[in-house]
Amino acid sequence: MVRARGLVVLTLAVFVAAACGGSTGGGSAKGTIKIGVDLPESGAAASSGLPTLHGVEFAVKTINDAGGLEGFKFEVSNFDDAVNGAYNEQKGVQNVQQMIGDSKVLGMIGPFNSAVAKAEIPVAAAAHFVMISPSNTNPCLTKDLPTCSYHPQDLRGGNPNNYFRVVTTDDFQGPAMADYAYKNLNIKTIAVLSDSTVFGKGIADAFQVRFQTLGGTFKRLDYPGETQNDFKSFLTSFKNFGAQGLYVGGTDDKKACVARSQMKSIGFDVPYLGGDGIETAQCIDDAGSNNLNINATSAGADATQVAGAKTILDAYKKAFSGPHDLGGYTIQAYDAATALMQAIGRAAKDNGGNLPSREQVRVAMAATKGFVGAIGTYNFDANGDNDLKIVSVYTTESVDDPATSTGVCATKAPKICFVWKQQFNFATS
Amino acid sequence: MSEGTTAVRDRTVGDALRQAQQAFAGDVGGALFSALGVVGLIILVVLAFQNPGQFFQILIYGLTDGALYALVALGYTMVYGIIELINFAHGDIFTLGSFVALPLLAAFGVDEGQAFGVQIVIALVITYLLVMIIIGMVNVTIERIAYRPLRNAPRLAPLITAIGMSFVVEGLMYIWRGPSTLHFPDLLPETGWIVNTVRIGVKDIYVLVLAIILVTALTLFINRSKLGKAMRATAQDRDAAQLMGIDINRTIAATFFIGAVLAGAGGMTWGLYFNNVNFALGFNAGLIAFTAAVLGGIGNIQGAALGGLLIGIIAAYSDAYWSPLWTPVVVFGILILILVFRPTGLLGMRVPEK
């Protein structure tokens, strides 16, 4: 009897302690609002996901340090959607369901991968739960293109749009590299490879259509992803085709850059091109001794190209000073998180200073006009796309001081980094 | 290792080919494979004339891949021959070999970019020996704790245990080194020779020569040594062997040890050749090696070697001339066709039914 009563007291004490010790930023006037994050954070995908997470954390820290918004402070509720080192759609859906089940989470940043977004949007849309991705580039998530196998409105299931992104789409990313290859690198005959994933095939298709329109010829093959070990056989057939370059639509966790490491020994020494899936430290490491002249696009502007971005970038590097804390989508994540928090702030204001509902946050997010972020000014359209159509091209080079690089640097060969080369703005072309 | 006849004799290449010829005569399975083989050969000959340089280059790649698969296939075939178990964990033992080699090579202080010299050779030789012994002991331990207790259980039990053990080994490697692809140092020299536009590298020759040495050593051991004779006897008839005074437990343990020695060496060689390994490598590579063992004739050592080479070559040609996306379909399609039409495999050796 006594023991049971002691247990009840202990349990109550634990609950009280948990309720008090919850938020990271200490007590605040009106409480803490949680922002969910769903990114691939373990294994091969960690080199993409973790730097992106840090971008969100930095945005939350910046706003909390400035006193929060409307009396509320913010906290990150972090989820990993990687299973066995690669992004996993089912895990992402579980994470979103968990976030929706937590009434303090008013919106989320993520996911990183378009395939995961395709699975998550229906679940989030039904709950009117805002998703803003720092990096999804598959156009079919928001645009109803003839090349898509599904309609974006079907994903939302009749619910109002809850999905937004701060980057542009593969229907510009692929063509940007096609322009760079044809005009800047003078490649007229090219090999195109894809890792057979939703992202890989989409961007490879977009690339080759544009390349052909420009007047080039291509040979296309798809490989079955991470189970492929020996790339040399079909690389040889590309070489004998006379390819002057190789474009890979794929991600590093599907061994897109292992193919690069096998190119030198077969005498196929041509530039390697790809999308943002290969703009990672893992890629430079996987490429082994053949890690130079890897060209990758990133959906978004480089920090060196936008006024004021450098200040934010330097502040970020001070707060997150590890050698691999800066990733290809860190600053995009910073912008996405800031946009979400600002929308929550506006919704709270419209709600008389009280905690807004998820639908109110969604309405505020959709109404975002002229939001000034670190690397761009954002307006969202009815589908959740923004009107920035900027793609940046980076090339791996040996640099003197990786700490000052605005591009991603390698882990094992630390003086090799992705260096910004050129920007393509499809809004004006 | 298993014999259709009761005589225990040396197997020469001539014998193997004669066996293959006999096996192809007559039945539906043989007819089907003869037909497929002929069609395949015609297609390859046409392609060879179109671009001989590419044709022979792909052949080189196919042979080296095949040699690596052969090293793994031998372990599958030996274990099946002696206790009729498909050891699904064998592919993961192979991967473990490459994982164990990484810290050992690092301990010698060798790294890629170093000029190939005496230091690297010594490091490689010692690491190979250590890896082979360690992986051998690991496999013996696995046999002792997971398979021996089930030796008299219905055959499904050790099979499921093997699948479980495969996941255990993969899980341990995941916990040890994480899920990412690991870069294996590129220590072998990059030099090569160009013969009529076909490039043969030192690495390619290295893999082939190493595989030949290991397979030859294994064949000599099986055919000439006392333990080898014990293995063949145990494979043929376990009870009779026991009656003859052969220590069954020791013989089976030795089989697992030797199979793992080959797999461990294969794993380290894979790492040196491809320069990247990953905890899940053994799952897929093991399935392909198993297909190779079945193709050659499960339980037959020459069959495993032949099967490995054939699968390697077929996969390489499929990648180059058709599409890498179809290659898994081709390889596992072969597995299904073999099991349906010719379960004894190309060299047609059967394990005696007990």
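Look a little higher up for the structure.
The structure contained in this document is the topic of the report that follows. Since the structure is predicted, the reported quantities are computational estimates derived from the model, not experimental observations.

## Details of the overall build of chain B
In terms of regular secondary structure, chain B is built from 13 helices and four strands. Taken against the 2.2 N^0.38 rule, which gives 20 Å for 354 residues, the C-alpha radius of gyration of chain B at 20 Å falls within 12% of a compact globule. In terms of overall dimensions, chain B has C-alpha extents of about 55 × 50 × 35 Å along its principal axes. Considering only contacts in chain B between residues 6 or more positions apart, those separated by 24 or more positions represent 77%. Summed over its atoms, the accessible surface of chain B is roughly 15200 Å², and 72% of this surface lies on carbon and sulfur atoms. The distance from the centre of the 19 positive side-chain charges to the centre of the 19 negative ones in chain B is 10 Å.

## Remarks on the overall build of chain A
Counting its secondary structure elements, chain A contains 13 helices and 16 strands. Here the C-alpha radius of gyration of chain A, 22 Å, is about what a compact globule of 429 residues would show, namely 22 Å. Seen through its C-alpha atoms, chain A measures out along the principal axes to roughly 80 × 45 × 40 Å. The buried share of chain A, taken over its 429 residues, is 58%. A fraction of 74% describes how many contacts in chain A between residues 6 or more apart in sequence connect residues 24 or more apart. In chain A, the 36 positive side-chain charges and the 40 negative ones have mean positions that sit 2 Å from each other.

## Quick notes on the packing of helix α3 (residues 52–83) of chain B against helix α12 (residues 301–322) of chain B
Residue and element names in this part refer to chain B. Interhelical geometry of α3 versus α12 gives an angle of 140° and a closest axis separation of 6 Å. Relative to α12, the element α3 lies oblique. As for the relative orientation of α3 and α12, their crossing is right-handed in sense.

## Details of the interface of chain A and chain B
Every contact between the two is made by 29 residues of chain A and, on the other side, 29 residues of chain B. Interface area, chain A with chain B, both sides summed: about 2400 Å², of which 53% is carbon and sulfur. At the surface where chain A touches chain B, the tally comes to zero salt bridges. Between chain A and chain B we count six residue pairs in polar contact (both at pLDDT 80 or more) in total.

## Describing helix α4 (residues 90–107) of chain B
With 18 residues, α4(B) extends 26 Å from end C-alpha to end C-alpha; this agrees with the ideal 26 Å at 1.5 Å per step. The buried fraction of α4(B) is high, at 15 of 18 residues.

## Some details on the pairing of strand β5 (residues 105–109) of chain A
Residues and elements named next belong to chain A. Among the five residues of β5, five are classified as buried, and the element is accordingly described as predominantly covered. Taken together, the four bridges between strand β1 (residues 32–39) and β5 define a ladder with parallel strand orientation. Paired with G36 across the bridge in β5 is M108. Taken together, the three bridges between β5 and strand β6 (residues 130–133) define a ladder with parallel strand orientation. Each bridged residue has a counterpart across the sheet, and for G107 the counterpart in β6 is V130. Between the parallel elements β5 and β6, the chain passes through helix α4 (residues 114–126) in a crossover that is right-handed.

## What to know about the pattern of salt bridges
Residue and element names in this part refer to chain A. On inspection of all chains with the given rule, the structure shows 17 salt bridges over all chains. Between K310 and D314 there is a salt bridge, with the nearest N and O atoms lying 3.4 Å from each other. Here the residue K310 and the residue D314 both occupy positions in helix α11 (residues 309–319), the gap between them amounting to four residues, near one helical turn. The class of D314 is partly exposed, set by a relative accessible area of 38%. Between R362 and E359 there is a salt bridge, with the nearest N and O atoms lying 3.0 Å from each other. Note that R362 and E359 are positioned in helix α13 (residues 358–366) at a spacing of three residues, about one turn of the helix. Via salt bridges that share partners, D179, K183 and R210 belong to a single interconnected network.

## Structural notes on the sheet that holds β5(A)
Residues and elements named next belong to chain A. Strands sit in the order β2-β1-β5-β6-β7 across an open sheet of five strands; the sheet is parallel. Each edge of the open sheet carries a strand with a single partner, namely β2 (73–80) and β7 (163–165). Taking the axes of each pair of neighbouring strands and ignoring which way they run, one obtains an average angle of 25° across the sheet. Taken strand by strand, α4 contacts β1, β5, β6 and β7, and its axis lies near 160° from that of β6. Packing of α13 onto the sheet brings it into contact with β5, β6 and β7, and relative to β6 it is tilted by some 40°.

## Remarks on the packing of helix α3 (residues 89–101) of chain A against α4(A)
When two helices pack together, their arrangement is given by the angle between the helix axes and the distance between those axes. Residue and element names in this part refer to chain A. Contact pair α3 / α4: the axes reach a minimum separation of 8 Å and the direction vectors enclose 30°. Crossing geometry of α3 relative to α4 is assigned as right-handed. From α3, E89, G92, V93, V96, Q97 and I100 reach across to α4, where they touch A115, V116, A119, E120, V123 and A124. Looking at the contact of α3 with α4 residue by residue, the classes come out as eight nonpolar, two polar and two charged.

## A short note on a nonpolar patch on the surface
Where nonpolar side chains cluster on the molecular surface, the patch consists of F108(B), F116(B), V118(B), V121(B), I122(B), V125(B), I126(B), L129(B), L130(B) and I134(B) and spans about 810 Å² of accessible area. Considering the arrangement of structural elements, one finds I122(B) in helix α5 (residues 118–147).

## Points about the state of the cysteines
Residue and element names in this part refer to chain A. Going through the model one piece at a time under the given rule, you end up with three disulfides over all chains. Here C140 is linked by a disulfide to C148, with a sulfur-sulfur distance of 2.0 Å. Because the torsion about its S-S bond is -90°, the bridge between C140 and C148 counts as left-handed. Judged by its relative accessible area of 10%, C140 falls in the buried class.

## So, the environment of V46(B)
Residues and elements named next belong to chain B. Turning to its location among the elements, V46 is positioned in helix α2 (residues 28–50). Judged by relative accessible area, V46 falls into the partly exposed class, the value being 47%. The sequence separation of V46 and Q242 amounts to 196 residues, and the corresponding C-alpha distance is 54 Å.

Criteria and thresholds
- Residues numbered from 1 in each chain as written.
- Chains lettered and ligands numbered in written order.
- Predicted model: local features only at pLDDT ≥ 70, side-chain atom pairs only at ≥ 80, totals over all residues.
- Heavy atoms only, no water.
- Helix = DSSP H or I, 4+ residues; strand = E, 2+ residues; numbered from the N terminus.
- Rg over C-alpha atoms; globule rule 2.2 N^0.38 Å.
- Contact = heavy atoms within 4.5 Å.
- Areas by Shrake-Rupley, 256 points an atom, 1.4 Å probe, with all protein chains shown as cover.
- Lys, Arg positive; Asp, Glu negative; His and termini not counted.
- Charge placed at Lys NZ, Arg CZ, Asp CG, Glu CD.
- Buried < 20%, exposed > 50% of the residue type's maximum accessible area, 1.4 Å probe, protein only.
- Axes fitted to C-alpha atoms, helices over the stretch in contact; angles between N-to-C directions.
- Parallel < 35°, antiparallel > 145°, perpendicular 65-115°, else oblique.
- Left-handed = near helix turned anticlockwise from the far one by under 90°.
- Buried area = accessible area lost by both parts, 1.4 Å probe.
- Salt bridge = Lys/Arg side-chain N within 4 Å of Asp/Glu carboxyl O.
- Polar contact = N/O pair within 3.5 Å; in protein donor to acceptor, adjacent residues only side chain to side chain.
- Expected span 1.5 Å × (residues − 1).
- Pairing = 2+ DSSP bridges.
- Right-handed = clockwise from strand over helix to strand, strands pointing away.
- Nonpolar A, V, L, I, M, F, W, Y, C, P; charged D, E, K, R; others polar.
- Patch = residues over 30% accessible without salt bridge, like charges linked within 9 Å, V, L, I, M, F, W, Y side chains within 5 Å.
- Disulfide = S-S within 2.5 Å.

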